[in-house]
Amino acid sequence: MSPPAPVAAGVIRRGIGILGVAVREEPRIFALSAVGSALFGLTTIGQAYVFGAITERVIVPNIRDGEAKTAGLAIAFLAVVVTAMLKVVGIIARRLGAGIMQYRLQASYRRRVTRRYLELPLEWHQEHPTGELLSNANSDVEATWYPIAPFPFAVGVLFMLVVTLGLLFVTDPVLALVGSVVFPAIATLTVLYSRRMSPLMTHAQQLRGEVSTIAHESFDGALVVKTLGRESDETDRFRAKAHELRDTMTAIGRVRGVFDPLMEALPVLGVLVVLLVGTSRVGSGAIDSGQLVRVAYLFTLLAFPVRALGWVLNELPRSVVGWDRVQRVLTATGAQEYGDGSIAADAGPTTLTVEAVSFRHGAAETLSEVALDVQPGRTVALVGPTGSGKSTLAGLLVRLVDPHTGQVRYDDLDVRELGPGALAQVAALVPQQTFLFDDTVRGNITLGADFSDEDVWAALRLAQADGFVAALAKGLDTVVGERGTTLSGGQRQRLALARAVVRRPRLLVLDDATSSVDPSVEQRILAGLRDSGPASTVVVVAYRRATIALADEVVFLDGGRITGRGTHDQLLATSAGYRDLVTAYERAEVERAAEHAGDEFEVLT
Amino acid sequence: MTAPTMESRATSRGALATLAHGLRLTPEFREGLGFTLLLALISTGGRVVVPVAVQQTIDKGLNAPGGPDLALVRNACLLAAAAVGVTAIANYLMNVRLYRTTENGLAALRVRAFRRVHDLSMLHQAAERRGSLVSRVTSDVDTISTFMQFGGLLIVVSTAQVLLTTVIMLAWSWQLTLLVYACFLPLVFTIRFFQRRLEVAYGRVRETIGRMLGAVAESVVGASVIRAYGVQARTAERIDGAVADTMQAQKKAQTLAAITFSAGELTAAVANGAVIWVGVLLGVGGDLTTGRLVGFLFLVTLFVQPVQIATEILNEAQNAVAGMRRVLDVLDTPTDVADPGDDGAVLPPGPVAVRFAHVDFAYPGGPNVLHDVDLEIAAQTRVAVVGETGSGKTTFAKLLTRLMDPTSGDVLLSGVALRRLRFSSLRTRVVMVPQDGFLFDSTVADNVRYGRPGATDDEIALAFTELGLADWVEQLPAGLASPVGERGEHLSVGERQLVAVARAYIADPDLLVLDEATSAVDPATEVRLNRALDSLTRGRTTIAIAHRLSTAEAADEVLVVDKGVVVERGPHAELVGAGGVYSRLHASWMSQSR
């Protein structure tokens, strides 16, 4: 593996551009921290002056004269402490300002990114892996604003360097020459350091991500790994990546090993040169010993802060990568457009019309020219083999996605003309895979809407979930979801169902929504739905005959097209595909019986 | 279901004990540790060069009798420069060794912990949140790595620095040394006070970040539901609340950290002021030279820095120790379902017979899920296990494949107790297809090959053909080379199950266990697949845990589990009319499917 190439100057320029964005977005906080940082710089220089002056005016004469003058000592003491207090004010302003600026920017961009997640269409979500979207909102936002923490410090350091060099020239041009070699040398070394280091750091960060991806995947598939006895192979796969990370980190250690000692030695050598040159300058009477001490002290004090420039530069490449990834989300286009139409939420079951709807998923057409109309209060079963486009159609019905051609209409109103939120007032989908929010049972059912506890319990009863919810430690107030009580797949599905029915939707779409529920419980749910009256138009994706039996009409979907439509009996008679699908079990039984008979026959002969 | 989590089992080891334990478990860390520490000590030497050089310059150079002695200063400076050179080299070597040793050790620790997670029984795996297991081999290790190379190194260097500084201070003036220590003593207490508060503040930051990440995740993972119910505004509000909480917690911690840091600065000033005052008094009394006094002022700088960074390092150290503890907890967790390895037995060749000998099973702290299951399944038979949700039928499958061990009793395959059977033998001869047919982010072919590494594409294609799934493969965008996406998400749930069955089929086991392996597949495909499996798996033993009773109808024999007890057993034809649990289940199934 060849070492990653040094960072291009363009990246640094772009990184500085991002810092500019930060300053424009948080000008006041930045000003506070920059002023604090400048105060820190000035007081640092001030400390050197104070020590120089004390050496020259207090220490040297007092010790030379063998007499301690209390007034002078008191002034010296106060001068040291007051300078330090001012410095502390500078430090606090700088650190608080930098921290608050960083946190505010992080918070602001997290809000913006997640706002986009909520606005962008579902199709966009489906095109991006979950892990990528999560890291856009978390680590990428964080990385973008990492350089903000040392940024005000670096600004203050630049200011301090300019002032220092100016003062050095005023003090003694010869010592100033030493300073104008040493400080730029430290700065240059810092830049070189970060240009060697940051690609390695970026690489290491990327490898950490890859190590994490392998661990995630491997542990998620732990059962498969275990049942196929592939633990060693998985460990090898993980080890290879872990070792790559180790090697990159070791390379980082070597770079650090070269630069760290140099950065530390350079100011020390500078002080030694100052002492050497300074002694001869004192000898020639150009400066006094106080000035020499001051310059030496200044070198000591400045050596560390100068590195802040490096901290900022080090973080810039990562920041640029993070920024680009965040921008990809912020500038993503294709939000679902809403009209300003409205539709009555309590006008009984709706008419549903699907007209010539086609939908493509990448290159493959998953739905072609699908047309369907459902009269108010009717129940339609969508039946079709695995992968025939049932879930896609279910999603289209409630406008999770928009068709590429064609229309979906409720009561003759194109769903695209409805205003934001209007559709959810009339239609509810229970998806195949249940999602529960990290919230209470009640919160998961009401989703913040205003339903009484009686309504919630009624919905739970209908979904056959009242029993287990009542048995939960805190009933409706039990927290479920990621961090809450663990529920079984069937229990989760029943909560999702209750979430839909509590809204008394005019259109209810069930996408294989009871697959994890025991057959007998499912039957009770379906019976409940039927008996609760024709309050909804229902579209249900189903395999089971009992579910199909509840439907007034069956639509058979095959390869993205509707190939049959009618009652169950009609379809049985007219559609070979449908017959093949729903009678599979009976046929299997008959064939087995025939084989069995054959076996016996063989035995007999 | 509750299983002991690693947290609850974690011994409350102190920080030092944790480190010692970590060193014991990771010999890589100890390699050349002594020499690295020595190098660290030497490399600190460079830092006291300046104060000593300043002292020498002032006392022997500038204040030399007869005016500044340039030659002496030059010699002193050259000597100092040489010392700087030596320490720089030591510093270089120390860095290289430190990184090599720590990264070596951490990589080994990481890999061992990873392996251990896979070796844990699924009971333990399930008791931990996935994310928490992942963090033990990722961020926890990264935290240790960062600490060792920055904070940990600073601790070593700073300690050396304080020691070295103290030695020089003592050599110059014990009185001033005492004075400096007296000034810094209150700081140590102040810092301890703040440090405890900081710890709480940082804990709060971590907690709010965790909640915020959860809220952010909802906007991604729950994308469909949020849109279906039009709850964008509510979700945004929840995220904003969590984001704001995080920012508040961060600001509070930052304020505390800034104040703590400042305390060091002020202490240094007070110490310097006092050193000047007392130093001058001592100097006037002839006990101290000017150079030493000025040198002291430089030394105090060296003193304050370690104390100042101590606050930040201590927090980092606590995080690192906590991380270390979490990683070690994984390694300390006993592999309760362990591979007997080379001591174990090998499954005799040929078809596999199954025997459950008085098997009881209970999840830790829970009631029995299986009671006294005692039965034999002859080799080469096809058995369906049926029962309602929670009856214990999945537990039966897990015990059969040794994903868990019985609480009492034994499971034997062809007369060999499962506990004695080598995993290398067990896992190649016995394969289970779980309900959740997890797929890896790769192609269809690679996922099937997972069942038998080295299987060619032709063999994989043949497997699909034999299973009657050639049509399905054909309609995939790139056939066998089609990528399945993260966790197989490009495929429907049913399609993932098809791949999972093919994966098990190509592994060619002698005992095949299907745990509701085709629950999301459409009936026609399921029937076709089962028929294919039936004919193909003749000659092996097949045990299918079934949700749909169609599977039971096709089996040689049906085992009916109810409330943890095997209540009925026999061919479908016999049981269906017997008026027992099976009759009831079957009636319910018929009313559903006909």
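The model shown is predicted, which means the values in this text are computed figures rather than measured ones.

The rules behind these values
- Residues numbered from 1 in each chain as written.
- Chains lettered and ligands numbered in written order.
- Predicted model: local features only at pLDDT ≥ 70, side-chain atom pairs only at ≥ 80, totals over all residues.
- Helix = DSSP H or I, 4+ residues; strand = E, 2+ residues; numbered from the N terminus.
- Rg over C-alpha atoms; globule rule 2.2 N^0.38 Å.
- Contact = placed C-beta atoms within 7 Å.
- pLDDT = per-residue confidence, 0-100.
- Nonpolar A, V, L, I, M, F, W, Y, C, P; charged D, E, K, R; others polar.
- Core = buried A, V, L, I, M, F, W, Y, C linked by C-beta atoms within 7 Å.
- Buried ≥ 20, exposed ≤ 12 C-beta atoms within 10 Å, placed from the backbone.
- Axes fitted to C-alpha atoms, helices over the stretch in contact; angles between N-to-C directions.
- Parallel < 35°, antiparallel > 145°, perpendicular 65-115°, else oblique.
- Left-handed = near helix turned anticlockwise from the far one by under 90°.
- Pairing = 2+ DSSP bridges.
- Arc of directions from axis to C-beta.

A. Local environment of the overall build of chain A. Helix and strand counts for chain A come out as 22 helices and 12 strands. In terms of overall size, chain A is more extended than a compact globule, its C-alpha atoms giving a radius of gyration of 37 Å where 605 residues would be expected to give roughly 25 Å. With the principal axes as the frame, chain A shows a C-alpha extent of 125 × 65 × 50 Å. Looking at chain A alone, contacts between residues at least 24 apart form 79% of all its contacts between residues at least 6 apart.

B. Region of interest: the overall build of chain B. If you tally the helices and strands in chain B, you get 23 helices and 10 strands. Whereas a compact globule of 594 residues would reach a radius of gyration of roughly 25 Å, chain B reaches 35 Å, over 25% beyond that. Along the first, second and third principal axes, the C-alpha set of chain B runs to 120 × 55 × 50 Å. Here the analysis covers contacts within chain B between residues at least 6 apart in sequence; of these, 77% occur between residues at least 24 apart.

C. Structural context of the confidence of the model for chain B. Residues and elements named next belong to chain B. Overall, the predicted model of chain B reaches an average pLDDT of 85, with 96% of residues at or above 70. When pLDDT is averaged over each helix and strand of chain B, the minimum, 47, is found for helix α1 (residues 6-9) and the maximum, 94, for helix α16 (residues 444-449). This model gives residues 1-5 a pLDDT under 50, and the stretch forms 17 contacts once residues within four places in sequence are excluded. Overall fold confidence for the complex sits at a pTM of 0.79, while the interface term, ipTM, reaches 0.85.

D. Unusual backbone geometry, seen in detail. All names here are of chain A. Here the phi dihedral of L447 falls at roughly 50 degrees; this positive angle occurs in a residue that is not glycine. You can see L447 is positioned in the loop between α14 (441-446) and α15 (453-462). If you check the backbone angles, Q464 has positive phi at about 60 degrees while not being a glycine. Tracing the backbone shows Q464 in the loop between α15 and α16 (466-471).

E. Broad picture of the interface of chain B and chain A. In this assembly, 141 residues from chain B lie in contact with 135 residues from chain A. For the side of chain B that touches chain A, the element with the most residues is helix α12 (residues 232-284) of chain B, which contributes 30 residues. Here the residues of the side of chain B that touches chain A sort into 76 nonpolar, 40 polar and 25 charged.

F. Structural detail: the nonpolar core. Formed by 366 residues in total, the largest nonpolar core has its most connected members in B:I276 and B:A502. For B:I276, the contacting residues outside a window of four places in its chain are A:I54, A:V58, A:I59, A:L73, A:A76, A:F77 and A:V80.

G. Broad picture of the packing of helix α6 (residues 151-171) of chain A against helix α7 (residues 173-220) of chain A. Residue and element names in this part refer to chain A. α7 packs onto α6 with a crossing angle of 155 degrees between their chain directions and a minimal axis gap of 6 Å. Here α7 runs roughly antiparallel to α6, going by the angle between their axes. Remark: the crossing between α6 and α7 carries left-handed chirality. Where α6 abuts α7, its residues L161, T164, L165, L168, F169 and T171 lie against P173, L175, A176, G179, S180 and F183. Taken together, the residues of the contact of α6 with α7 break down into eight nonpolar, four polar and no charged.

H. Structural view of the sheet that holds strand β6 (residues 427-430) of chain A. All names here are of chain A. With respect to topology, six strands assemble into an open sheet ordered β6-β9-β10-β3-β11-β12, the strand pairing being mixed. Sheet topology places β6 and β12 (561-566) at the edges, where each strand pairs with a single neighbour. Averaged over all pairs of adjacent strands, the angle between strand axes in this sheet comes to 15 degrees, irrespective of strand direction. Bridging between β6 and strand β9 (residues 507-511) involves four bridges; their strand directions are parallel. Paired with V430 across the bridge in β9 is L510.

I. Local environment of the sheet that holds strand β3 (residues 382-386) of chain B. Residues and elements named next belong to chain B. In space, the six strands of this open sheet follow the order β6-β7-β8-β3-β9-β10, with mixed pairing throughout. Whereas interior strands pair on both sides, the edge strands pair on one side only; in this sheet they are β6 (430-433) and β10 (565-570). Across the sheet, the axes of successive neighbouring strands diverge by a mean angle of 15 degrees, strand direction being ignored. Two strands pair when backbone bridges link them, and β3 and strand β8 (residues 541-545) are joined in this way by four bridges, in the parallel orientation. When the bridges of β8 are listed, R382 appears paired with T542.

J. Structural detail: the environment of B:A362. Residue and element names in this part refer to chain B. You can see A362 is positioned in strand β1 (residues 354-362). Residues A362 and S408, spaced 46 residues apart in sequence, show a C-alpha to C-alpha distance of 9.3 Å. Leaving out residues up to four positions away in the same chain, A362 has contacts with P367, N368, V369 and T407.

K. A look at the environment of B:G366. By secondary structure assignment, the location of B:G366 is in the loop between β1 and β2 (368-377). Put simply, B:G366 and B:R227 are 139 residues apart on the chain and 40 Å apart in space, counted from C-alpha to C-alpha.

L. Quick peek at the environment of A:S388. All names here are of chain A. Along the chain, S388 falls in the loop between β3 (379-383) and α12 (390-397). Linking S388 and L557, residues 169 residues apart in sequence, is a C-alpha distance of 6.2 Å. Once residues lying within four places of it in the same chain are set aside, the contact partners of S388 are L557, D558, G559 and G560.

M. Inspection of the packing of helix α3 (residues 70-119) of chain A against helix α10 (residues 174-221) of chain B at higher detail. In the contact formed by α3(A) and α10(B), the axes pass within 9 Å of each other and the chain directions differ by 25 degrees. When the interaxial angle is binned, α3(A) and α10(B) end up roughly parallel. Between α3(A) and α10(B) lies a crossing whose hand is left-handed. Along its contact with α3(A), which presents A:R110, A:T114, A:Y117 and A:L118, the element α10(B) presents B:V216, B:S219 and B:V220. Here the contact of α3(A) with α10(B) is built from residues that sort into four nonpolar, two polar and one charged.

N. A look at the pairing of strand β9 (residues 557-562) of chain B. All names here are of chain B. Pairing of β3 with β9, which is carried by four bridges, proceeds in the parallel orientation. Note that in β9 the partner of V385 across the bridge is L559. Pairing geometry for β9 and β10, over five bridges, is antiparallel. The partner of V561 across the bridge, within β10, is V566. Where β9 hands over to β10, the hairpin turn is made up of two residues, of which K563 adopts a positive phi near 50 degrees.

O. Inspection of helix α17 (residues 457-466) of chain B at higher detail. All names here are of chain B. If you check which residues of α17 are buried, you get I460, A463 and F464. Looking straight down α17, one finds that the buried residues subtend no more than 95 degrees of arc, so they occupy a single side. G468 sits one or two positions beyond α17 and adopts a positive phi of about 75 degrees.

P. The arrangement of the confidence of the model for chain A in detail. With 95% of its residues at a pLDDT of 70 or more, chain A has an overall mean of 85. Scored below 50 in pLDDT, residues 600-605 of chain A shows zero contacts in the model against residues more than four places distant or in partner chains.

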